[in-house]
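# Survey of secondary and tertiary structure
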Amino acid sequence: MAKVIDVMDIDDDNGNFNSAKPNLKGKNVVVSAAPPDTRATPWVEKYRPQSLDDVAAHRDIVETIDRLASGNRLPHLLLYGPPGTGKTSTVLAMARKLYGNKLQNMVLELNASDDRGIDVVRQQIQDFASTQSISFGGKSAVKLVLLDEADAMTKDAQFALRRVIEKYTKSNRFALICNNVNKIIPALQSRCTRFRFAPLDAVHVRDRLRHVIESEGLDVPENGMKALVQLSNGDMRKALNILQSTHMACQQITEEAVYLCTGNPLPKDIEQISHWLLNEPFTTSSQRISEMKTRKGLALVDIVREVTMFVFKIKMPPAVRIQLINDMADIEYRLSMACNDKLQLGSLIAAFTRARGSLVAAGT
Ligand SMILES: Nc1ncnc2c1ncn2[C@@H]1O[C@H](COP(=O)(O)OP(=O)(O)OP(=O)(O)O)[C@@H](O)[C@H]1O
Ligand SMILES: [Mg+2]
């Protein structure tokens, strides 16, 4: 871990009250505020945590960041982890708490929509970092450079940023956010304190969903809630997006409605397909799966992915399971490369026919 530097409050160069604003040109000082509440507002934004207390899960991380920021000991930060886990929300909530109504002047936020080449580091970031800060109670507070989706930065830009961070540490903190930490050069990683945001566990996704469901007055039976949690896979953004789109399409957010709305095969459909694959002759399987696929508008790639998960639940010798899963991974890969659906359905049934042969030979 990088060391924590105690310079959140700094005197400006001449020790005077300094109200000079950092560079405000263009789009470089825009921090998302909660959008006005209209029917069209995406719930992911409407329910973006406004304060650190609103951030679900990751309490250890959030409390550590809060403690460091409140104690004027904020280090440079590197927040990483899968999408929709609260990285951006946490930094924005921290900035809101630190700067209050001075937020717009104290934070430079760059995200994926901005250019990520070396010029941005040399111009926008350096311009912002080198400008004197607004004063807080006679002292100028450190500014925050928020580099969202930092893994999209070119290597050159990252190397340039390394020097900028060093040069302007006295008056700036840098918060880097990314999904893939391996795309951040080690020299930058070592200048930051790293926090990993894991996918949210089911309990936290449920709690946060319940909060939104109550606020919006939605009708969500338990099977619908289960489907939302299952499909979100720990991605809170995905959970809220599915909830909202299902609500727009259906009155009641049932399991069936959730799966239908997302185009995902229902667990009972997967069970049925697996049953056909394991028991029916080639032509019958092919006809029935094709018919269900058309009737329910399912994508073969989703069927293959879900059937693969189902295979883990079926009792069979490990060697047979491994072979089957390998075959299905190949099919999934070929489908992702836009190979012909009909041929791949044939391959899927053939993989199961082979597995059935092995099961018979093994006497199971
Ligand atoms: N821990 C969380 N607590 C509460 N809401 C969350 C949390 N994580 C995500 N959300 C919801 O999902 C939305 C997206 O979250 P956020 O932008 O913070 O994710 P992220 O981790 O930065 O994702 P990405 O890596 O895709 O940028 C938020 O607006 C919020 O509605
Ligand atoms: Mg983000």
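All of these numbers come straight from a predicted model, not from anything done at the bench. (Residues numbered from 1 in each chain as written. Chains lettered and ligands numbered in written order. Predicted model: local features only at pLDDT ≥ 70, side-chain atom pairs only at ≥ 80, totals over all residues. Heavy atoms only, no water.)

## Focus on the layout of surface pockets
For clarity, the cut-off: Every definition here rests on a 1 Å grid over the protein atoms only: cavities are sets of points where a 1.4 Å probe fits but cannot get out, pockets are open sets enclosed by protein on both sides within 12 Å along at least five of seven lines, and lining residues have some atom within 4 Å of a point. Grid points are joined across faces, edges and corners, and a volume is the space filled by probe spheres set on the points. Elements are defined by DSSP. Helices are runs of H or I of four residues or more, strands are runs of E of two residues or more, and each kind is numbered from the N terminus.
When its volume is computed, the largest pocket comes out at roughly 610 Å³. If you go around the largest pocket, you meet 21 residues; those closest to its centre are Gln-230, Leu-231, Tyr-259, Pro-267 and Glu-306. Elements represented by at least two residues in the lining of the largest pocket include exactly helix H9 (222-232), helix H11 (255-262), helix H12 (267-279) and helix H14 (300-311). The greatest single-element share of the lining of the largest pocket, amounting to six residues, is contributed by H9.

## Some remarks on the site of ligand 1
Stated formally: Residues are counted as near a molecule or strand when any one of their heavy atoms sits within 4 Å of it. As used in this structure description, the phrase polar contact means that two N or O atoms lie within 3.5 Å; if the pair is within protein, one of them must be able to donate a hydrogen and the other to accept it, and residues adjacent in sequence are counted only when both atoms belong to side chains. For accessible areas, the Shrake-Rupley method is used with a probe of radius 1.4 Å. Any residue's cover is judged against the shown protein chains and nothing else. To be counted as sitting in a cavity or pocket, a molecule needs more than half of its atoms within 2 Å of that site's grid points. Residues are grouped as follows: Ala, Val, Leu, Ile, Met, Phe, Trp, Tyr, Cys and Pro are nonpolar; Asp, Glu, Lys and Arg are charged; all remaining types, including Gly, are polar. By convention here, the domain bounds are inherited from an automatic or database domain assignment.
Val-44, Ala-56, Lys-87, Thr-88 and Ser-89 are the nearest of the 19 residues found near ligand 1. Within the contact set of ligand 1, an oxygen atom lies 2.8 Å away from a side-chain nitrogen or oxygen of Thr-88. Burial of ligand 1 by the surrounding chains reaches 96%, relative to a free accessible area of 630 Å². Of the pockets mapped on this structure, ligand 1 occupies the second largest pocket. Mapped by element, the contributors of at least two residues to the shell around ligand 1 are helix H3 (87-99) and helix H10 (236-249). Considered class by class, the residues forming the shell around ligand 1 number eight nonpolar, six polar and five charged. Counting contributing residues per domain, the shell around ligand 1 is built from domain 1 (9-196) and domain 2 (202-262), each supplying no fewer than three.

## With respect to the sheet that holds strand E6 (residues 143-147)
Just so we agree on the cut-off: Pairing between strands requires that DSSP locate at least two bridges from one strand to the other. Axes here refer to lines fitted to C-alpha atoms; in helices the fit is confined to the stretch in contact. Angles between the N-to-C directions go from 0 to 180 degrees.
If you trace the five strands from one edge of the open sheet to the other, you get E3-E6-E7-E2-E8, paired in parallel fashion. A single partner strand is all that each edge strand has here, and the edge strands are strand E3 (107-110) and strand E8 (193-196). Strand-to-strand twist across the sheet, computed as the mean angle between neighbouring axes with direction ignored, equals 15 degrees. Relative to E6, E3 is paired through four bridges, and the arrangement is parallel.

## Points about the packing of aromatic side chains
Threshold: Pairing of aromatic side chains here covers Phe, Tyr and the six-membered ring of Trp, requires ring centres within 6.5 Å, and sorts the geometry by plane angle: under 30 degrees stacked, over 60 edge-to-face, intermediate tilted. A ring is considered to have a charge above it if a Lys NZ or an Arg CZ atom is located within 6 Å of its centre and within 35 degrees of its normal.
Summed over all chains, the structure comprises zero aromatic pairs. Sitting above the plane of the Phe-128 ring, Lys-143 keeps its charged end 5.1 Å from the centroid.

## What to know about the pairing of E8
Put simply, the test is: For every residue, the accessible area (1.4 Å probe, protein chains only) is compared with the maximum for its type, and the residue is labelled buried under 20%, exposed over 50%, or partly exposed between those bounds.
Side-chain alternation along E8 places Thr-193 and Phe-195 on a buried face and Arg-194 and Arg-196 on a face that remains uncovered. With four bridges connecting them, strand E2 (residues 77-80) and E8 associate as parallel partners. By the bridge assignment, Tyr-80 is partnered in E8 with Arg-196.

## With respect to the environment of Gly-263
Put simply, the rule reads: The contact rule is simple, with two residues in contact once any of their heavy atoms fall within 4.5 Å.
Relative to the assigned elements, Gly-263 resides in the loop between H11 and H12. A C-alpha to C-alpha distance of 6.1 Å links Gly-263 and Leu-298, two positions 35 residues apart in sequence. Discounting residues that sit within four places of it in the chain, Gly-263 has contacts with Leu-298 and Asp-302.

## Re H9
Buried residues of H9: Gly-224, Met-225, Ala-227, Leu-228, Val-229, Leu-231 and Ser-232, and no others. Check the buried side of H9 and you find it contacts helix H8 (202-216), H10 and H11. Once H9 finishes, Asn-233 follows within two positions and takes phi at roughly 55 degrees, a positive value.

## Overview of unusual backbone geometry
In this structure, Asn-72 takes a positive phi of about 55 degrees despite not being glycine. Following the sequence through the fold, Asn-72 ends up in the loop between helix H2 (59-70) and E2. The exposure class assigned to Asn-72 is partly exposed, which follows from its relative accessible area of 27%. Even without being glycine, Ala-338 reaches a positive phi, approximately 65 degrees. Structurally, Ala-338 can be placed in the loop between helix H15 (318-336) and helix H16 (341-361). The class of Ala-338 is exposed, set by a relative accessible area of 69%.

## Looking at the environment of Leu-277
Among the structural elements, Leu-277 can be located in helix H12. On the basis of relative accessible area, Leu-277 is assigned to the buried category, the value being 1%. Measuring from C-alpha to C-alpha, the distance between Leu-277 and Phe-352 comes to 6.1 Å, with 75 residues separating the pair along the chain. Ignoring anything within four residues of it in the chain, the contact list for Leu-277 reads Ser-285, Ile-289, Val-307, Leu-348, Ile-349, Phe-352 and Arg-356.

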